[in-house]
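Listed below, chain by chain, are the residues.
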Amino acid sequence: MGMSIQQIIFMVLSVISLVSALGVVLSKNPVTSVLCLIVTFFTIAGHYIMMNAQFLAVVHIIVYAGAIMVLFLYVMMLMNLNAELEPQKRNWLKYAGAISGGALMVVLVAALRDASMPALSSQPTDIGLIKNLGQLLFKQYVVPFEVSSILFLSAMVGAVVIGKKD
Amino acid sequence: MPVQYYIFLSIALFCIGVMGVLMRRNAIIIFMCIELMLNAVNLLMVSFSKMWADAGRVDAGSAQLFVFFIMVVAAAEVAVGLAIITMVYRNTHSVDINILNRLKN
């Protein structure tokens, strides 16, 4: 049985995102971690496009790759972290962390392996278009939307207050 | 395409994030791994949204709006968290989280 074009794209995107996610964790240089995380975010945006969640794909790229990762790079630039500061004592903690994460993955995969779920159809759905999501956001979810604006305002004030030189 | 593919991909991404939080001691890397975990959950939620939309549910778009709100909260969290890390660096000249156990005293 040959794989459909969607499955091939899915596999390629998944491999890239897993490899770059491992790069985030394993790379010694923090700037390399940031760049790997940006690659991961772009592949996740590719997955969103595959599921025709166009609004989320665009917002994801703008917010994460455009704003959040730039903020990370900026903070790293200010801190001059090029010299790796993590001393290599207590190596067993790293192995313990890796084993714990792997055990969590084994448990989750074993629990969900036999779950019966419907397959995703290859037909695109139009719920992820900005027109439909906008209708939903400003009709049904307008109160959470306004609350999130207050959250943003308080986060902005909080960041300024915390970062201020006292 | 089975929705299990997306579930397993999300599990793998989430567990890589968990491993990063447990293994690394650079506070910025730990923060980035938390972002990775949030994104794994977002991906899973979008795939479930597609699954319900295929099943003909009209309210399947709510999951995508939930993802949107998670992104909003993540952006606010990054702003405050990086401000805190910057303050820690200014006071201790390090972002090693082992330094932070000085908070005990």
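Fair warning: this is a prediction, and the values are worked out from it, not measured in the lab. (Residues numbered from 1 in each chain as written. Chains lettered and ligands numbered in written order. Predicted model: local features only at pLDDT ≥ 70, side-chain atom pairs only at ≥ 80, totals over all residues.)

**Brief notes about the overall build of chain B**
Counting secondary structure elements, chain B contains 3 helices and 0 strands. Listing the helices and strands of chain B from first to last along the sequence gives α-α-α. Its C-alpha atoms give chain B a radius of gyration of 18 Å, clearly above 13 Å, the size a compact globule of 105 residues would have. When the backbone C-alpha atoms are referred to their principal axes, chain B occupies close to 55 × 25 × 20 Å. Per-residue burial over chain B gives 50% buried out of 105 residues. If you take every contact in chain B between residues at least 6 apart in sequence, the share linking residues at least 24 apart comes to 47%. (Helix = DSSP H or I, 4+ residues; strand = E, 2+ residues; numbered from the N terminus. Rg over C-alpha atoms; globule rule 2.2 N^0.38 Å. Buried ≥ 20, exposed ≤ 12 C-beta atoms within 10 Å, placed from the backbone. Contact = placed C-beta atoms within 7 Å.)

**A look at helix H3 (residues 61-92) of chain B**
For H3(B), which comprises 32 residues, the first-to-last C-alpha distance of 46 Å matches the rise-based estimate of 46 Å (1.5 Å per residue) to within 8%. Remark: B:His93 follows H3(B) within two positions and exhibits a positive phi of approximately 55°. (Expected span 1.5 Å × (residues − 1).)

**Observations concerning unusual backbone geometry**
At A:Asn52, a residue that is not glycine, the phi angle is positive and equals roughly 60°. Mapped onto the fold, A:Asn52 is located in the loop between helix H2 (30-50) and helix H3 (54-79). At B:His93, a position not held by glycine, the phi torsion is positive, near 55°. What makes B:His93 exposed here is the crowd of 10 C-beta atoms within 10 Å.

**So, the nonpolar core**
Ranked by size, the top nonpolar core spans 65 residues in total, and within it A:Leu56, B:Ile28, B:Met32, B:Leu36 and B:Val46 carry the most contacts. Taken together, the elements giving at least two residues each to this core come down to helix H1 (5-26), H2, H3 and helix H5 (130-139) of chain A together with helix H1 (3-23), helix H2 (27-54) and H3 of chain B. Tallying contributions element by element places H2(B) first for this core, with 13 residues. Looking at which domains feed residues into this core, each of domain 1 (1-83) and domain 2 (129-166) of chain A supplies at least three. In this view, B:Ile28 contacts A:Pro30, A:Phe72, A:Val75, A:Met76, B:Ile85 and B:Val95; residues no more than four positions away in its chain are not counted. (Core = buried A, V, L, I, M, F, W, Y, C linked by C-beta atoms within 7 Å. Domains from an automatic or database assignment.)

**Notes on the packing of H1(A) against H1(B)**
Packing of H1(A) against H1(B) brings their axes to within 9 Å, and their N-to-C directions diverge by 5°. One way to sum up the angle between H1(A) and H1(B) is to call them roughly parallel. Contacts between H1(A) and H1(B) involve A:Phe10, A:Ser14, A:Ser17, A:Leu18, A:Ala21, A:Leu22, A:Val24 and A:Val25 from the former and B:Tyr5, B:Leu9, B:Ala12, B:Leu13, B:Ile16, B:Met19, B:Gly20 and B:Met23 from the latter. The residue inventory of the contact of H1(A) with H1(B), partitioned by class, reads 13 nonpolar, 3 polar and no charged. (Axes fitted to C-alpha atoms, helices over the stretch in contact; angles between N-to-C directions. Parallel < 35°, antiparallel > 145°, perpendicular 65-115°, else oblique. Nonpolar A, V, L, I, M, F, W, Y, C, P; charged D, E, K, R; others polar.)

**Quick look at the UniProt feature "transmembrane region" (unreviewed entry) in chain B**
UniProt's feature table lists "transmembrane region" (unreviewed entry) at residues 6-22, 29-53 and 65-89 of chain B, given in the numbering used throughout. Between the end C-alpha atoms of residues 65-89 of chain B the distance is 36 Å, and the span holds 100% helix and 0% strand. (UniProt positions renumbered as here; feature names shortened; annotations may be inferred.)

**A look at the domain arrangement of chain A**
Along its sequence, chain A is organised into domain 1 (1-83) and domain 2 (129-166). Computed from C-alpha coordinates alone, the two centres of domain 1 of chain A and domain 2 of chain A are separated by 24 Å.

**So, the interface of chain B and chain A**
Quoted interface sizes are often the accessible area lost when the parts come together. Counting residues at the interface gives 62 residues for chain B, matched by 67 residues for chain A. Every element with two or more residues in the side of chain B that touches chain A is listed here: H1, H2 and H3 of chain B. When the residues that make up the side of chain B that touches chain A are grouped by side-chain class, the tally is 45 nonpolar, 11 polar and 6 charged.

**Considerations on the packing of H3(A) against H2(B)**
Two measures define how a pair of helices packs: the angle their axes make with one another and the distance between the axes. Viewed as axis vectors pointing N to C, H3(A) and H2(B) meet at an angle of 175°, and their least axial separation amounts to 12 Å. Taken together, the axis directions place H3(A) and H2(B) in an arrangement best described as roughly antiparallel. When H3(A) is examined against H2(B), the residues A:Leu56, A:Ile68, A:Phe72, A:Val75 and A:Met76 are found in contact with a partner set consisting of B:Ile28, B:Met32, B:Glu35 and B:Val46. Across the contact of H3(A) with H2(B), the residue classes break down as 8 nonpolar, no polar and 1 charged.

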